[in-house]
Amino acid sequence: MKKQKVLIICPIFPPHRFGGIEKIAFELAKNLASEKDAFVVCGQDETDKPIPAFQLIEGIKVFRTPQCFTKFPDFNFVEIIHKNTILLEKAVEVLLKNPDISLIHAHDWFVGLAAISLKNLFKLPLITTLHGCKAWEYKGHLNERHLYINNLQKTLVKHSDYISCYSHLMEKIIQKEFRYPKNKIMHFYCGVEKVFCLPKKIKGDKKIKHILYIGRFAYEKNISTLLKALAIIVKKHSQARLTILGKGPLLKEYIKEISKLGIKNYVKIKNFTADQIKIDKIYKQSDIFVLPSTFEPFGLVAIEAAARKLPIVLSCNSGVAEIIKHKLTGLKFNPLSPKDLANKILYLLKNEATAIALGERAQADILQKCQWTQAAISFSKLYSKLWHQKKS
């Protein structure tokens, strides 16, 4: 039987890794490969060496433009139009050579202008996966750029036939912020690979306890609250250490805050790497994982930590908090309270047996609820539904 062909548009795609978007786009496409024929159009990552314009990755046909798509803080109106125009050119080329492509799947506002143009030019249905909502991420702190991005999202949502997101939290926000009908929203949970499971803890000084954060240095990631919490923690547990793995526009501000709080000797900042072996090593050196975000549509890194049996402390304002049961598979805290976060981390540091039990239960629960194959089945059904509607 002939496979349904779908066009996926995203900012960047593995092996490039900047955040969760490209990881999610890749895992969905990979797990759909047995049933669907996926064509991906994407940009490059400025931090890596250029990759060939065409690649076949695990059955996925990947077409890359020469333009970088990861310098988000410097984006302006002209840049967005320019990058989307180049994506549009590449996508048109792919569509003209493959006229039986049946739908477009866009990954958020970064590629919104190109996706809307393609929908109108080729009269194809458009599915959009929203990976966030600036109006909620920066509530009370919206600048001109955030407002522009929010308007881009609104326009993209308006032109989309279906919206997908990865939590009930995001589903409710989409309905409220964009006034989008509930019956046109599909939510799914991100998955985690079983290869992450059961790591052997790296031997080291058993007295030192390592707290880990992985993510962008951005306002909504709430690293400032984590640093303030650490300042409280080290007064009661001097062997606590924090590793921050990431990159982003607020790095210099956080370095200043670390110095101001007097915790320079307790914090290690490492530049984000796409090297999974290096990331695995950092996970294996860690005792606790923290997701401090003021708003997080899901929190992929949290389930990756849980799959490694790391006890997790996470913001109650995150999508993954829907899955984690407080005091059973993790600890939740108020993201506006450094004291609450500090108390939760200190509790785990002082109660090792409880921390281990939380990690073990979380791993079992996550592996059952968070599977890419389950997410792919949901998308396969939605793709097929739109394909049949188009043919009729």
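Looking at the overall build of the protein chain
Reasoning step 1: Along its length, the protein chain carries 13 helices and 14 strands.
Reasoning step 2: Relative to the 2.2 N^0.38 estimate, which gives 21 Å for 392 residues, the radius of gyration of the protein chain is 21 Å and therefore close to what a compact globule would have.
Reasoning step 3: Overall size of the protein chain, expressed as C-alpha extent along the three principal axes, is 65 × 45 × 40 Å.
Reasoning step 4: The 392 residues of the protein chain split such that 57% are buried.
Reasoning step 5: Intrachain contacts of the protein chain at a sequence separation of at least 6 include 70% that bridge at least 24 residues.
Reasoning step 6: As presented, the protein chain carries roughly 17,500 Å² of accessible surface, and 55% of it is formed by carbon and sulfur atoms.
Reasoning step 7: For the protein chain, the separation between the mean place of its 63 positive charges and that of its 34 negative charges on side chains is 4 Å.

A word on the packing of aromatic side chains
Reasoning step 1: Scanning all chains against the criterion turns up 11 aromatic pairs.
Reasoning step 2: A centroid spacing of 5.0 Å and a plane angle of 50 degrees characterise the contact between phenylalanine 54 and phenylalanine 63, whose relative ring orientation is tilted.
Reasoning step 3: Look at phenylalanine 54 and you get partly exposed, because its relative accessible area is 42%.
Reasoning step 4: Relative accessible area serves as the criterion here: at 16%, phenylalanine 63 is assigned to the buried category.
Reasoning step 5: Judged by centre distance (6.3 Å) and plane angle (80 degrees), the ring pair of phenylalanine 217 and tyrosine 254 falls under edge-to-face. Here tyrosine 254 lies in helix 8 (residues 251–261) and phenylalanine 217 lies in the loop between strand 9 (209–214) and helix 7 (223–236), a separation of 37 residues in the sequence.
Reasoning step 6: In this structure phenylalanine 217 comes out as buried when scored by relative accessible area, which is 2%.
Reasoning step 7: Directly above the aromatic system of phenylalanine 39 lies the positively charged group of lysine 61, at a separation of 5.1 Å from the ring centroid.

Describing unusual backbone geometry
Reasoning step 1: Between proline 14 and the following residue, proline 15, the backbone shows a cis peptide bond with an omega angle of 15 degrees.
Reasoning step 2: Mapped onto the elements of the fold, proline 15 is located in the loop between strand 1 (4–9) and helix 1 (20–32).
Reasoning step 3: Despite not being glycine, glutamate 58 has its phi angle at roughly 50 degrees, a positive value.
Reasoning step 4: Within the fold, glutamate 58 resides in the loop between strand 3 (54–57) and strand 4 (60–68).
Reasoning step 5: You will see that asparagine 222, though not glycine, has its phi angle at about 65 degrees, which is positive.
Reasoning step 6: Relative to the elements of secondary structure, asparagine 222 occurs in the loop between strand 9 and helix 7.

Overview of the sheet that holds strand 13 (residues 312–315)
Reasoning step 1: In spatial order, the strands read 11-10-9-12-13-14; together these 6 strands make up an open sheet with parallel pairing. The open sheet terminates on both sides in strands that have one partner only, identified here as strand 11 (267–271) and strand 14 (331–333). For this sheet, the mean angle separating the axes of adjacent strands, direction not counted, is 20 degrees.
Reasoning step 2: Summarising the sheet, strand 12 (residues 288–291) and strand 13 pair through 3 bridges and their orientation is parallel. Looking at strand 13, one finds that phenylalanine 289 is bridged to isoleucine 312.

Regarding the side chain of aspartate 365
Reasoning step 1: With respect to the helices and strands, the residue aspartate 365 is situated in helix 12 (residues 352–369).
Reasoning step 2: The exposure class assigned to aspartate 365 is buried, which follows from its relative accessible area of 13%.

Side note on helix 2 (residues 77–97)
Reasoning step 1: For helix 2, spanning 21 residues, the distance from its first C-alpha to its last is 30 Å, which sits close to the expected 30 Å at 1.5 Å a residue.
Reasoning step 2: Ile80, Lys83, Asn84, Ile86, Leu87, Leu88, Lys90, Ala91, Val94 and Leu95 are the residues of helix 2 that are buried.

Quick look at the pattern of salt bridges
Reasoning step 1: Under the counting rule described, the total for this entry stands at 15 salt bridges.
Reasoning step 2: One salt bridge in this structure joins lysine 325 and aspartate 365, with 3.7 Å as the shortest N-O distance. Remark: aspartate 365 occurs in helix 12 and lysine 325 occurs in the loop between strand 13 and strand 14; sequence separation between them is 40 residues.
Reasoning step 3: Linked by salt bridges that have partners in common, Lys2, Lys5 and Asp100 make up one network.

What about helix 11 (residues 338–350)?
Reasoning step 1: Over its 13 residues, helix 11 extends 18 Å from the first C-alpha to the last, a length consistent with the 18 Å expected when each residue adds 1.5 Å.
Reasoning step 2: Within helix 11, burial applies to Pro338, Asp340, Leu341, Ala342, Lys344, Ile345, Leu346, Leu348 and Leu349.

Details of the pairing of strand 5 (residues 101–107)
Reasoning step 1: Along strand 5, 7 of the 7 residues are buried, which leaves the element largely enclosed by surrounding structure.
Reasoning step 2: In terms of strand pairing, strand 1 meets strand 5 through 5 bridges, oriented parallel. Bridge pairing in strand 5 links lysine 5 to isoleucine 101.
Reasoning step 3: Examined bridge by bridge, strand 5 and strand 6 (residues 126–129) share 4 bridges and lie parallel to one another. Each residue of the ladder has a partner; that of histidine 107, found in strand 6, is threonine 129.
Reasoning step 4: Handedness of the strand 5-helix 3 (residues 112–122)-strand 6 crossover: right-handed.

Rules used in this analysis
Residues numbered from 1 in each chain as written. Predicted model: local features only at pLDDT ≥ 70, side-chain atom pairs only at ≥ 80, totals over all residues. Heavy atoms only, no water. Helix = DSSP H or I, 4+ residues; strand = E, 2+ residues; numbered from the N terminus. Rg over C-alpha atoms; globule rule 2.2 N^0.38 Å. Buried < 20%, exposed > 50% of the residue type's maximum accessible area, 1.4 Å probe, protein only. Contact = heavy atoms within 4.5 Å. Areas by Shrake-Rupley, 256 points an atom, 1.4 Å probe, with all protein chains shown as cover. Lys, Arg positive; Asp, Glu negative; His and termini not counted. Charge placed at Lys NZ, Arg CZ, Asp CG, Glu CD. Phe/Tyr/Trp six-rings, centres within 6.5 Å; stacked < 30°, edge-to-face > 60°. Lys NZ or Arg CZ within 6 Å of the ring centre and 35° of its normal. Pairing = 2+ DSSP bridges. Axes fitted to C-alpha atoms, helices over the stretch in contact; angles between N-to-C directions. Expected span 1.5 Å × (residues − 1). Salt bridge = Lys/Arg side-chain N within 4 Å of Asp/Glu carboxyl O. Right-handed = clockwise from strand over helix to strand, strands pointing away.

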